[in-house]
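Spelled out from the first residue to the last, the chains are:
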Amino acid sequence: MKKWMFIPALAGVVAIGGVALADDSVPSTDKPADKLISLQAAKQIAIEKVKNGVVTEIELDKDDGRYHFDVDLKDGKYEYDLEVDAYTGAIIKFEKELEKDRKQAVSQSQKLLTKEEAIAIAKTKAAGTVKEFELDSDDGRKEYDIEMRDGEFKYEIELDAVTGEFLKFEKERYRNVKTEVKAQPQTEVKVQTEKVAASTLKVVEPAKEQQVVKSDDKKSNKKTMLTKEQVIAIAKQHASGVVTDFELDDDNVYEIEMEDGDIEYELEIHAYTGKILSFERDVDNDDDNDDD
C-alpha cells in the first residue's frame, strides 16, 4: 500500500487543524481517462457527511490499485474516519467513535443527575425492581450502571450521569413465566381464572366455595381430583403473588411455586383432599443498597 501525505511544498496549500494539505496536488495516474477528484472536493464531501465536522487530517492512499482519500474529522464530541473514492467521490468507509480524550467537566452548570432522576429515566425503557445502582467513570465520563429485573427479564443499563443519555441498554430473559395471575391478598379466598401461555387446561367458572375435605389418604381415591383453579385457591389462602410454576406429580400431589416481589413460596397440596403437605416461604435479600 502506498500513501502520500499532503505537505506544504506546493502552491495552494491549505492548513487544517495543524495538518498541512496541498490543494489539488495528487500523484499522477497511469490511466489519464480516470481523472482523480481534487483534495478540496474530497474534503467537501467529508464535511457534507459530517455536519459541523472539522477536518484534522486528509491524505491520498492507494489500496489494491485504487486511489482513495483518508479523511479524519472531529466535531467536539466524536471522531470520524472516512474513505472517499478518489475517482467517483463515493464514501467507501465511515467510522464514528467518541473522542478518547473527551473529558466531562462537572460544574455548577453541569451537575450529576440524582439517583431518583437516573432511575426514572431508566424506567422509560425498562420495568421492575432496581437490583444494582452504581456511579462509574469511563474515560472521564461519569456513568450510572443500573441493573433492573421484573418477573421475566433482566435489564442492564448505562446512563450518562450528567445528560441522562442511554449509553448501553441490554434486555435478557432470565425466567420463563408459565402462568400469570394477579397478585391477591392473603385473605382472598375466591378462585380466579388465570391466563396460561400455552395452556392445555380448560378454564372453568370460579367456584363459589372451597372446602377442604378431611379424610384419610386411603379413602382419597374415591374422591374427585381437585381442579387446578381449586388448588390455586387453596394455595392463595397461605401465599400471595404470581403463580410461576404448577405441576402434578406421580403421587397425586400438586407442586406450586409463587412469587410476590422478593418473596417466593413453594407449596405441595394433595390432589384429592386439598391438604397442605409442604409450605416454604423464602425472602430474597439481594436488594440494592442506597450507597452510591
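Residues numbered from 1 in each chain as written. Predicted model: local features only at pLDDT ≥ 70, side-chain atom pairs only at ≥ 80, totals over all residues. Heavy atoms only, no water.

Brief notes about the pattern of salt bridges
Basically, it comes down to this: We count a salt bridge whenever a side-chain nitrogen from Lys or Arg sits within 4 Å of a carboxyl oxygen from Asp or Glu. The cut-offs for exposure are 20% and 50% of the maximum accessible area for each residue type, with area from a 1.4 Å probe on protein chains only; residues under the lower value are buried, those over the upper are exposed, and the others partly exposed.
Applying the stated criterion to the full structure yields twelve salt bridges. A salt bridge links Glu79 to Lys74, with the nearest nitrogen and oxygen atoms 3.8 Å apart. Taking the relative accessible area as the measure of exposure, Glu79 reaches 21% and is therefore partly exposed. In this structure Lys74 comes out as partly exposed when scored by relative accessible area, which is 31%.

Focus on the pairing of strand E4 (residues 54-63)
We apply this condition: For two strands to count as paired, DSSP must find a minimum of two bridges between them. Under the scheme used here, helices are H or I runs from DSSP no shorter than 4 residues and strands are E runs no shorter than 2 residues, and both carry numbers assigned from the N terminus.
Pairing geometry for E4 and strand E5 (residues 66-74), over nine bridges, is antiparallel. Within E5, the residue paired with Leu60 across the bridge is Phe69. In this antiparallel pair of consecutive strands, E4 and E5, the connection spans two residues, and Asp64 shows a positive phi of 55°.

So, the sheet that holds strand E15 (residues 253-260)
Applied cut-off: Here the axes come from fitting lines to C-alpha atoms, over the contacting stretch only for helices, and the angles between their N-to-C directions go from 0 to 180 degrees.
Spatial ordering of the open sheet is given by E14-E15-E16-E17, a layout of four strands whose pairing is antiparallel. Both outer strands of the open sheet, strand E14 (242-248) and strand E17 (276-283), are each paired with one neighbouring strand and no more. Mean inter-strand twist for the sheet, computed between neighbouring axes without regard to direction, equals 10°. Inspection of the sheet shows E14 paired to E15 by six bridges, in the antiparallel sense. By the bridge assignment, Glu247 is partnered in E15 with Glu255.

Some remarks on the pairing of strand E7 (residues 91-98)
Where strand E6 (residues 78-85) lies against E7, seven bridges are found, and the strand directions are antiparallel. Opposite Asp81, over in E7, you have Glu95 as the bridge partner. Linking E6 back to E7 in an antiparallel pair, the connection comprises five residues, with Gly89 at a positive phi of about 80°.

These values are about where atoms sit, not about what they do.
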